[in-house]
Amino acid sequence: MTTADLPQTDRTPARPRGRLTLGSGSLIALVLLFAAIAATTTYRSDSEARTSGKPAFDASTYATSTYEPKVVPAIKKNAVDIATLHQAIAADTEAAGKQYGHRPGTGPYSYAATLTGTAGAVSNGLLQVTVDGLDKARVSVQVGPAINGTALRDAAGFITFGQFTNQVEYADAGTALNTAMKDKVLKAFDPAAVRGKKITVIGAMTPLTADVLTLTPVSIEAAS
């Protein structure tokens, strides 16, 4: 049998399996699609300023516009005597929080508080204070150099997560307020100079229990 004797279909070369073939029309359409995508795509570097939406968060600007003009007056206005807070928290944490505090989300309550007591030694950035009537509680004031927590942000009562783009900015806001407080309150404060003296402190705290009360101050005054 010769090749000419084979049926016409048997003499048709088989296409390789798994290979996609495109007609000229399909190929042109694909090229035009990619060209359209490239023409309508904008490439922007990370350093390029945003031209729409919220401006980038600036911690220094936020601290300047918020700490002294807004946070300090709010905390001073709402400050509750620390002995009153201790008694309320020890009796019922939830009820105390609803009556005196502010809580972001489901976290612990933060409070604006004031105390008058005798300044003691500094240990691990905390100035120990003896307050009459709080023999069972450990009372202290953050004096740095590290200022921990977000009590100033949370106790102010008007700063919420929804005011920020994301969790990072919300956290940065708390840090910015702490930094501003260090510059305005602690920069000129000498804990050694007030040891043994009566001091009055106004500030914010986020206690986990009634027995450990740590204030982040917005004001420290010592008796002469």
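First, a word on scope: everything that follows refers to the structure included in this document. (Residues numbered from 1 in each chain as written. Predicted model: local features only at pLDDT ≥ 70, side-chain atom pairs only at ≥ 80, totals over all residues. Heavy atoms only, no water.)

### Some thoughts on the layout of surface pockets
Step number 1: By volume, the largest pocket amounts to about 210 Å³.
Step number 2: Along the walls of the largest pocket sit 14 residues, with Met205, Thr206, Pro207, Leu208 and Thr214 positioned nearest its centre.
Step number 3: No other element matches the four residues that strand E6 (residues 212-222) contributes to the lining of the largest pocket.
Step number 4: Among the residues making up the lining of the largest pocket, the classes are represented as seven nonpolar, seven polar and no charged. (1 Å grid on protein atoms, 1.4 Å probe; cavity = no way out; pocket = protein on both sides within 12 Å on 5 of 7 lines; lining within 4 Å. Points joined across faces, edges and corners; volume = space filled by probe spheres on them. Helix = DSSP H or I, 4+ residues; strand = E, 2+ residues; numbered from the N terminus. Nonpolar A, V, L, I, M, F, W, Y, C, P; charged D, E, K, R; others polar.)

### Focus: the pairing of strand E4 (residues 138-142)
Step number 1: By the criterion of burial, E4 is predominantly enclosed, with four of the five residues buried.
Step number 2: Judged from the four bridges that link them, strand E3 (residues 126-130) and E4 form a sheet pairing that is antiparallel. In the strand pairing of E4, leucine 126 is matched with glutamine 142. (Buried < 20%, exposed > 50% of the residue type's maximum accessible area, 1.4 Å probe, protein only. Pairing = 2+ DSSP bridges.)

### Notes on the environment of aspartate 81
Step number 1: For aspartate 81, the position within the fold is in strand E1 (residues 80-81).
Step number 2: Between the C-alpha atoms of aspartate 81 and threonine 114, which are 33 residues apart in sequence, the distance is 5.0 Å.
Step number 3: One polar contact links the side chain of aspartate 81 to the main-chain amide nitrogen of alanine 83, over a distance of 3.0 Å. (Polar contact = N/O pair within 3.5 Å; in protein donor to acceptor, adjacent residues only side chain to side chain.)

### Focus on the nonpolar core
Within soluble globular proteins, side chains that are nonpolar generally end up buried alongside one another.
Step number 1: Tyr67 and Ile82 are the most contacted members of the largest nonpolar core, which totals 53 residues.
Step number 2: The greatest single-element share of this core, amounting to eight residues, is contributed by helix H6 (residues 167-186).
Step number 3: Those residues in contact with isoleucine 82 that sit more than four places away from it in its chain are Thr114, Leu115, Val131, Leu134, Val139, Met205, Leu213 and Leu215. (Core = buried A, V, L, I, M, F, W, Y, C linked by side-chain atoms within 4.5 Å. Contact = heavy atoms within 4.5 Å.)

### Considering the packing of aromatic side chains
Each aromatic ring pair is specified by the distance between its two centres and by the angle formed by the two planes.
Step number 1: On inspection of all chains with the given rule, the structure shows five aromatic pairs.
Step number 2: Geometrically, the ring pair formed by phenylalanine 161 and tyrosine 170 is edge-to-face, given 5.5 Å between the ring centres and 85 degrees between the ring planes.
Step number 3: With a relative accessible area of 40%, phenylalanine 161 lands in the partly exposed category.
Step number 4: Three or more aromatic residues joined by ring pairs make a cluster, and in this case those are Phe57, Tyr62, Phe161, Phe164 and Tyr170.
Step number 5: The ring of tyrosine 170 is capped by arginine 153, whose NZ or CZ atom sits 3.6 Å from the centre of that ring. (Phe/Tyr/Trp six-rings, centres within 6.5 Å; stacked < 30°, edge-to-face > 60°. Lys NZ or Arg CZ within 6 Å of the ring centre and 35° of its normal.)

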